[in-house]
Every structure is written in structure tokens, then in C-alpha cells.
Amino acid sequence: MRTWQVQDVMTTEVAAVREGAAYREIVDLLTGRHVTAVPVVDGARRVLGVVSEADLLHKVELLGRPHERRIFPSRHDGEARAKAGATLAADLMTTPPVCVSPDTTVTEAARIMDRRQVKRLPVTDDLGRLVGIVTRGDLLRVHLRPDADIRRDVVGDVLRRVLGVADDTVDVTVHGGVVTLTGQLDRWSSVHLALRLTARVSGVVEVVDALGYAIDDAPLGALRVAAGSTDHA
């Protein structure tokens, strides 16, 4: 069963800047390339940090009130003021960069983005060199897979290859990424596995369970609801 990886959806022509890039140069690059952030790299293309629109906007935010002081300044206030006065990428960038490798699964990349609260991830090779970038929008492309491709993976990989189910045993329909499995399998455990593996196929939004089974081999106390399934006994 094919699992989509970052290398399947990432952008490989990545705009990047060196540490000495000036503020205006970075702004021009972001606006010219219609991107919201740019990696900062050294001479070997190793990623040192990322400069985003948020980093650049501190200068605009504090424009006209450079000497304003707060009684209890927060760490964020200090970082914002430092970046507001910065003019080079080395001082504007956020470090350390949150990066992933090309073989990271799109699922794990999405978890990293959510956990680290970032909108994009530089993609680096084993030496830390920039090879691409992946954004939230890139990860969502997985759910744009054609229904026919999703059905092919469910029938060929899940049912035929993993479970050894004959092609005419289970009817598989896919509409808008929603997969419906209809038919009769030999055991509850087979139904449970079919639902679980189908839900993992790239592009699947939901699995609708219309499967029955002949033998209830569920462990004692096992929950009969899995990936949308109901009790067939």
C-alpha cells in the first residue's frame, strides 16, 4: 500500500537567501515569488533558519513607537523589538529551523506543523542541505487524488494483496474521497482490518462500513465500532 511522502508533494524550486540578505531584498523576493517565507541557507545550502512575513512585519508593527516601554515586557516583546531593528536575514530569521526529510510521510509532516505551529517546512537531505519546501497547501493535495486512484489502491493493495480477498467479494465505491465497502467477509477481524487499512490509503476522507462477517472472533470486550463500523453480529 503506497504511503505518500513529502517528496511527492513538495516544491523543489525553492527561493532561498543567504545570511547577509538585506530586509528590502527579502521583501522583494517574497512579493515577487508570491510566497510567505523563505529559508536562510549558508554557502553549502544548509538551512540555518526561516524568515517569514511575520518576522518582517515586526518593523511595520513598531514603526513610529521605537522607544515604547512596557512595565513587564515579555520574551515575545523583546524578540519583536530586536527583529524590528534588524536589517539582515541573519537577525530576522527564526531559528532553529523546523525541517523534515523527503521520505517523511505527509501525515507526520502535518503533525509536525501542528505541534510546532508552523505553516511550512524546509525539506533537507542527510547533510541538512535544502532540497525543497512543503506547505500546508501541499499536504492538502493528497486529498485531491482522483477517486479512481483511491479505489485502485483499496482493491489492489488492501483487499487483494493484504487480505487476500477475491475481487467479487467486496464492492468498493469511492465518491469525493469517501470509500464505501459493501459485502461479506469471513471474520470480524478481517472487517476490522479492512476498515483500518482503507482509512490509511492516501486521499481517503472517510470510510463507510457496509460489511458483514460470518464469524465473530473479536477479543472479549473489543469495541465493535471502528472507522465507522457497527456491530454486525
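Residues numbered from 1 in each chain as written. Predicted model: local features only at pLDDT ≥ 70, side-chain atom pairs only at ≥ 80, totals over all residues. Heavy atoms only, no water.

The name recorded for the protein in an unreviewed UniProt entry is CBS domain-containing protein, from Micromonospora coxensis.

## Quick notes on the packing of helix α8 (residues 147-162) against helix α9 (residues 188-199)
Packing of α8 against α9 leaves a shortest axis separation of 10 Å and a crossing angle of 145°. As α8 runs across α9, the sense of the crossing is right-handed. Across from V154, V158, L159 and V162 in α8, the residues of α9 making contact are A194, L197 and T198. The residue inventory of the contact of α8 with α9, partitioned by class, reads six nonpolar, one polar and no charged. (Axes fitted to C-alpha atoms, helices over the stretch in contact; angles between N-to-C directions. Helix = DSSP H or I, 4+ residues; strand = E, 2+ residues; numbered from the N terminus. Left-handed = near helix turned anticlockwise from the far one by under 90°. Contact = heavy atoms within 4.5 Å. Nonpolar A, V, L, I, M, F, W, Y, C, P; charged D, E, K, R; others polar.)

## Some remarks on α9
Taking 1.5 Å as the rise per residue, α9 with 12 residues should run 16 Å; its terminal C-alpha atoms sit 17 Å apart, in good agreement. All of the buried residues in α9 are W188, S190, V191, A194, L195, L197 and T198. Contacts made by the buried residues of α9 are with α8, β7 (178-187) and β8 (206-215). (Expected span 1.5 Å × (residues − 1). Buried < 20%, exposed > 50% of the residue type's maximum accessible area, 1.4 Å probe, protein only.)

## Section: the pairing of strand β3 (residues 47-52)
The side chains of a regular strand alternate between the sheet's two faces. In terms of burial, β3 is a largely internal element, five of the six residues being buried. Hairpin geometry of strand β2 (residues 37-41) and β3 is characterised by an intervening segment of five residues between the two adjacent antiparallel strands and by a positive phi of about 70° at R45. (Pairing = 2+ DSSP bridges.)

## What about the environment of R129?
Assignment of secondary structure puts R129 in the loop between β4 (120-124) and β5 (130-135). Taking relative accessible area as the criterion, R129 reaches 36% and is therefore assigned partly exposed. Separated by 81 residues in sequence, R129 and L48 place their C-alpha atoms 9.6 Å apart. Non-local contacts of R129, meaning those with residues more than four positions away in its chain, are made with A44, R45, R46, V123 and T124. Among the polar contacts listed, one links the side chain of R129 to the side chain of D125, at a separation of 2.8 Å. (Polar contact = N/O pair within 3.5 Å; in protein donor to acceptor, adjacent residues only side chain to side chain.)

## Considering the layout of surface pockets
Space inside the largest pocket adds up to approximately 710 Å³. Forming the boundary of the largest pocket are 25 residues, of which S52, D55, K83, T94 and V118 lie nearest the centre. Going through the elements one at a time, β3, α3 (53-61), α4 (75-84) and β4 are the ones with two or more residues in the lining of the largest pocket. Sorting elements by how many residues they give to the lining of the largest pocket places α4 first, with six residues. Class assignment of the residues belonging to the lining of the largest pocket gives a composition of nine nonpolar, seven polar and nine charged. A volume near 320 Å³ is recorded for the second largest pocket. If you trace the second largest pocket, you find 17 residues lining it, with V106, T107, L139, V142 and H143 closest to the centre. When contributions to the lining of the second largest pocket are tallied by element, the ones reaching two or more residues are α6 (106-116) and α7 (136-140). For the lining of the second largest pocket, the per-class residue count stands at nine nonpolar, six polar and two charged. Here the lining of the second largest pocket spans two domains, since at least three of its residues come from each of domain 1 (6-142) and domain 2 (147-215). (1 Å grid on protein atoms, 1.4 Å probe; cavity = no way out; pocket = protein on both sides within 12 Å on 5 of 7 lines; lining within 4 Å. Points joined across faces, edges and corners; volume = space filled by probe spheres on them. Domains from an automatic or database assignment.)

## Describing the packing of aromatic side chains
Summed over all chains, the structure comprises zero aromatic pairs. Here K59 stacks its cationic end above the ring of Y23, 5.2 Å away from the centre of that ring. (Phe/Tyr/Trp six-rings, centres within 6.5 Å; stacked < 30°, edge-to-face > 60°. Lys NZ or Arg CZ within 6 Å of the ring centre and 35° of its normal.)

## Structural notes on the pattern of salt bridges
A complete count under the given rule lists 10 salt bridges for this structure. In this structure, R152 engages D149 in a salt bridge whose closest nitrogen and oxygen atoms are separated by 3.0 Å. Note that R152 and D149 are positioned in helix α8 at a spacing of three residues, about one turn of the helix. (Salt bridge = Lys/Arg side-chain N within 4 Å of Asp/Glu carboxyl O.)

## Brief notes about helix α2 (residues 23-33)
Looking only at α2, the buried set comprises Y23, I26 and L30. Viewed end-on, α2 has its buried residues packed into an arc of 70°, placing them on one side of the element. In α2, the exposed positions that point more than 90 degrees away from the buried face belong to R24, T31 and G32. Following α2 by one or two positions, H34 adopts a phi angle in the positive range, close to 55°. (Arc of directions from axis to C-beta.)

## Describing the nonpolar core
Counting 23 residues, the largest nonpolar core has L159, V170, V172, L181 and L211 as the members making the most contacts within it. Put simply, the parts of the chain that give this core at least two residues each are α8, β6 (170-175), β7, α9 and β8. (Core = buried A, V, L, I, M, F, W, Y, C linked by side-chain atoms within 4.5 Å.)

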